[in-house]
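# Observations on the model geometry
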Amino acid sequence: MDSLRKARAYNDDIGYQDDEATKAAFISTWFGSSGPVCRVTPPFRCDYGININVGDNFYANYDCVVIDCAKVKIGANVFLGPAVHIYTATHPLDAVERRSVESALPVTIGNDVWIGGKASVLPGVEIGDGCVIGAGAVVNRSIPPYSLAVGCPARVVKRLEGKAGSAGAGGEPPAS
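Each chain has its residues counted from 1, running along the sequence as written. In view of the model being predicted, local features appear only for residues whose pLDDT reaches at least 70, and side-chain atom pairs are presented and counted only at 80 or more, with totals across whole chains, interfaces and linings using the full set of residues. For side-chain calculations, the full set of non-hydrogen atoms in the structure is used, while hydrogens and water are omitted.

## What about the sheet that holds strand 16 (residues 138–139)?
Spelled out, the test is: Note on pairing: DSSP must find at least two bridges between two strands before they are called paired. Helix and strand assignments come from DSSP, with helices taken as H or I runs of at least 4 residues and strands as E runs of at least 2, each series counted from the N terminus.
The strand order 2-5-8-13-16 describes an open sheet built from five strands, whose pairing is parallel. Across the chains shown, the open sheet's two edge strands, defined by having one partner strand only, are strand 2 (44–46) and strand 16. Taken together, the two bridges between strand 13 (residues 120–121) and strand 16 define a ladder with parallel strand orientation. Paired with Ser120 across the strands is Val138, a residue of strand 16.

In structure tokens form, the structure reads like this:
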């Protein structure tokens, strides 16, 4: 079953079932890899699915989109607010080249990251462990670990305290 059919099946039926194990099992056939606790609130869209790898205790809220033309690696305990978009596809700036060339750059999101609603993560970006990305931010450059980044373009406005060994601790996603 191709990714569009899987998205349709998930968004029309499977994603609304009460059984979390059924949903997680389906996601494990759609994504390249996923941890045992992987929650995706429909609707969710992606290009391929196979290029998405998420760690344990992953949560994506409503309306998330992942354009996974390249690898998207997401760590453990990562929470995506509503309508977060992650893009790997990129195009040349030259108009003539753009007619026939497309490329993609991977995106990496560390452990214990919270990305607020309607934030966009652009191709080639790495977001370090323990980061918080503010709602509506456009992340067009990499963000160092334990940073609060906000705005368009996203800028680090505060260093956050990291707690050693926090990845894999589990827990519920924060309210978005």
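Back to the write-up after that little detour.
## Digging into the nonpolar core
Here is the rule: Side-chain atoms within 4.5 Å link the members of a nonpolar core, which is a set of buried Ala, Val, Leu, Ile, Met, Phe, Trp, Tyr and Cys residues. Only protein chains enter the calculation, and the probe is 1.4 Å; a residue is then buried if its accessible area is under 20% of its type maximum, exposed if over 50%, and partly exposed in between. We call two residues in contact when some of their heavy atoms are within 4.5 Å.
Grouped together as the largest cluster of nonpolar side chains are 38 residues, with contacts concentrated most on Ile86, Ile115 and Ile127. Broken down by element, the residue count for this core peaks at three residues, all from helix 2 (residues 20–30). Excluding anything up to four places from it in sequence, Ile86 contacts Val65, Val66, Ile67, Val72, Ile74, Leu80, Val107, Ile109 and Val121.

## Quick notes on the confidence of the model for the protein chain
Definition in use: The quantity known as pLDDT measures the predictor's confidence residue by residue, on a range of 0 to 100.
The pLDDT averaged across the protein chain works out to 91; a share of 91% of its residues lies at or above 70. Here residues 167–176 is modelled with pLDDT under 50, and outside its nearest four sequence neighbours on either side it reaches 23 contacts, counting other chains as well.

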